[in-house]
Amino acid sequence: MKKLLACILALAMVCGLAVTASAAGGNLTISASGTPADIGDVTVNVTEGATINTYYVIVAWEDLSFSFTKNGQRWDAEQHTYVSTGSGAFTGGTTADITVTNKSDVDISVTANVADKSASDGFKATLNKTTFDLDSYVGLATPDTNTFTLTVSTDGTPGTGTVNVADVSVTITKK
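Before going into details, it helps to say that this report is about the structure given with it.

**A look at unusual backbone geometry**
Residues other than glycine seldom take positive phi values, yet H80 does so here, at roughly 55 degrees. Inspection of the secondary structure assignment puts H80 in the loop between β5 (73-76) and β6 (81-84).

**Considering the pattern of salt bridges**
Taken as a whole, this structure holds one salt bridge when the rule is applied. For D133, the salt bridge identified is with K175, shortest N-O distance 3.9 Å. Of the two residues, D133 is situated in strand β11 (residues 131-134) and K175 in the segment after β13 (166-174); the sequence distance between them amounts to 42 residues. Among the residues examined, D133 registers a relative accessible area of 45% and is labelled partly exposed.

**Details of the nonpolar core**
In terms of nonpolar packing, the biggest core is built from 17 residues, with V114, A125, L127, F132 and L150 touching the most fellow members. Looking at this core, the elements that each hand over two or more residues are β8 (95-102), β9 (108-116), β10 (124-127), β11, β12 (147-155) and β13. Looking at which element gives the most residues to this core, the answer is β9, with four residues. Apart from residues lying up to four places away in sequence, V114 is in contact with A125, T126, L127, A166, D167 and V168.

**Some thoughts on the environment of K117**
Tracing the backbone through its elements, the reader meets K117 in the loop between β9 and β10. For K117, a relative accessible area of 48% puts it in the partly exposed group. Not counting residues up to four positions away in its chain, the partners in contact with K117 are N164, V165, A166 and D167.

**Structural notes on the sheet that holds β12**
An order of β3-β8-β12-β10 is seen for the four strands of this open sheet, with the pairing classed as antiparallel. In this open sheet, the two edge strands, each paired with only one partner strand, are β3 (57-61) and β10. Strand-to-strand twist across the sheet, computed as the mean angle between neighbouring axes with direction ignored, equals 15 degrees. As paired strands, β10 and β12 are joined by four bridges and run antiparallel to one another. Bridged to A125 within β12 is T154.

**Details of the sheet that holds β9**
Think of a sheet as strands paired side by side through backbone hydrogen bonds, with each pair either parallel or antiparallel. Strand order in the open sheet formed by three strands is β11-β9-β13, and the pairing between neighbours is antiparallel. Each having just a single partner strand, β11 and β13 make up the two edges of the open sheet. Strand-to-strand twist of the sheet, defined as the mean angle between neighbouring strand axes without regard to direction, takes the value 20 degrees. Where β9 lies against β13, nine bridges are found, and the strand directions are antiparallel. Within β13, the residue paired with A115 across the bridge is D167.

**A closer look at the packing of aromatic side chains**
Summed over all chains, the structure comprises two aromatic pairs. A ring pair is formed by W75 and Y82, whose centres lie 5.1 Å apart and whose planes are at 70 degrees; its orientation type is edge-to-face. The class of Y82 is exposed, set by a relative accessible area of 53%.

**Considering the layout of surface pockets**
By volume, the largest pocket is sized at about 400 Å³. Lining the largest pocket we find 20 residues, and of these L64, F66, F123, V163 and V165 sit closest to its centre. Those elements that place two or more of their residues in the lining of the largest pocket are β4 (67-70), β12 and β13. The leading source of residues in the lining of the largest pocket is β4, at three residues. Across the lining of the largest pocket, the residue classes break down as 12 nonpolar, seven polar and one charged.

Calculation criteria
- Residues numbered from 1 in each chain as written.
- Predicted model: local features only at pLDDT ≥ 70, side-chain atom pairs only at ≥ 80, totals over all residues.
- Heavy atoms only, no water.
- Helix = DSSP H or I, 4+ residues; strand = E, 2+ residues; numbered from the N terminus.
- Salt bridge = Lys/Arg side-chain N within 4 Å of Asp/Glu carboxyl O.
- Buried < 20%, exposed > 50% of the residue type's maximum accessible area, 1.4 Å probe, protein only.
- Core = buried A, V, L, I, M, F, W, Y, C linked by side-chain atoms within 4.5 Å.
- Contact = heavy atoms within 4.5 Å.
- Pairing = 2+ DSSP bridges.
- Axes fitted to C-alpha atoms, helices over the stretch in contact; angles between N-to-C directions.
- Phe/Tyr/Trp six-rings, centres within 6.5 Å; stacked < 30°, edge-to-face > 60°.
- 1 Å grid on protein atoms, 1.4 Å probe; cavity = no way out; pocket = protein on both sides within 12 Å on 5 of 7 lines; lining within 4 Å.
- Points joined across faces, edges and corners; volume = space filled by probe spheres on them.
- Nonpolar A, V, L, I, M, F, W, Y, C, P; charged D, E, K, R; others polar.

What follows is the structure in structure tokens.
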């Protein structure tokens, strides 16, 4: 009975001598166990890791389709024929916006480009600005204003049918 009690007390003592240290801000756990003569100070050296930047940029495109009525006509009841009302006109507007919002933890540069595809028919698309910078979202007093809006404008008279006027691209890079 004495031997059993001595074994239980020895086991309880060994289990009670486990030392655990945890590093704040991480998942590091260091454990030491054994007899009192085997245990020393447990030291943890915690170094800060590199910041991992997160890019969170929202690019919102309005519909870049435009409608143009070419060579409108009206019926001339006295001449019994259609009469041209002019070279044509846009219906529904001539501009569309592309809004870029930076919610990243880094400053960004934005480059926009229009690759014109219809110069031969006098119809073109243009941008109000081709480059701009947006600050990091971190620490902004008014973060909802960290946006820039590009305006795509159309001008000229297109040919007939559906015309692919241009390809618009937006490139985002770390500033």
